[in-house]
Amino acid sequence: MLNIKIICVGKIKERSLKDLCDEYTKRLSKYSKIEIIELDDEKLPQNINNTEIQKIKDIESKKIKERIDKIGKCTIFFLDLKGREYSSEEFANKIDTLTTYGTSTLVFVIGGSLGMSDELLSISQNKICFSKMTFPHQLIRVFLLEQIFRSFKILNNETYHH
């Protein structure tokens, strides 16, 4: 069975978003093993400068890299504003191709509010952008779970995607 791990910097505090994540996680369990790994985010100072931004990105990226290293062989997707925008069908086909010819573990990474370091982003060519607009990273987690679920529905020719 396919393993999906979602590494997220920060925790979801809003009950409604937690409930949505729980619902999609439950729905996805029919198709794959899924694990959401929450890493602590760094506290942002009141007046932040570029040096502090880079320091926070480096600290959070190091935590992500350490977690990825513990997983072992996997295919990594970074959610990044400079990533590729996929249609739902293209995303489903990408997942299908990677799981057929690649690894049985897919890791999706959602960085903190300041993003991830260039060094971390360089370890995978798979970068996804849901929109050129900026969204809270907690909301992106819901988007990601829904799109992974939609992908399985598409790949299994099940009703859901119109």
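Note that the structure is predicted; figures quoted are calculated from it, not measured. (Residues numbered from 1 in each chain as written. Predicted model: local features only at pLDDT ≥ 70, side-chain atom pairs only at ≥ 80, totals over all residues. Heavy atoms only, no water.)

Draft legend 1. The overall build of the protein, seen in detail. For the protein, the helix and strand inventory stands at 5 helices and 5 strands. Listing the helices and strands of the protein from first to last along the sequence gives β-α-β-α-β-α-β-α-β-α. Scaling as 2.2 N^0.38, a compact globule of 162 residues should have a C-alpha radius of gyration of about 15 Å, and the protein matches this with 16 Å. Along the first, second and third principal axes, the C-alpha set of the protein runs to 50 × 35 × 30 Å. Buried positions account for 44% of the 162 residues belonging to the protein. As presented, the protein carries roughly 9200 Å² of accessible surface, and 49% of it is formed by carbon and sulfur atoms. Between the centroid of the 26 positive side chains of the protein and the centroid of its 23 negative side chains there is a distance of 3 Å. (Helix = DSSP H or I, 4+ residues; strand = E, 2+ residues; numbered from the N terminus. Rg over C-alpha atoms; globule rule 2.2 N^0.38 Å. Buried < 20%, exposed > 50% of the residue type's maximum accessible area, 1.4 Å probe, protein only. Areas by Shrake-Rupley, 256 points an atom, 1.4 Å probe, with all protein chains shown as cover. Lys, Arg positive; Asp, Glu negative; His and termini not counted. Charge placed at Lys NZ, Arg CZ, Asp CG, Glu CD.)

Draft legend 2. Highlighting the sheet that holds strand E3 (residues 75-84). Strand order across the open sheet formed by 5 strands is E2-E1-E4-E3-E5, with parallel pairing between neighbours. For this open sheet the edge positions go to strand E2 (32-39) and strand E5 (127-128), each flanked by a neighbour on one side alone. Here E3 runs beside E5; their pairing, made up of 3 bridges, is parallel. Counterpart to Arg84 in the pairing with E5 is Ile128. On the sheet, helix H2 (residues 50-71) packs against strand E1 (2-9), E2, E3 and strand E4 (105-110) and is oriented at approximately 165 degrees with respect to E1. (Pairing = 2+ DSSP bridges. Contact = heavy atoms within 4.5 Å. Axes fitted to C-alpha atoms, helices over the stretch in contact; angles between N-to-C directions.)

Draft legend 3. Region of interest: the side chain of Ser151. Of note, Ser151 is situated in helix H5 (residues 137-155). Setting aside residues up to four positions removed in sequence, Ser151 forms contacts with Ser88, Phe91, Ala92 and Ile95.

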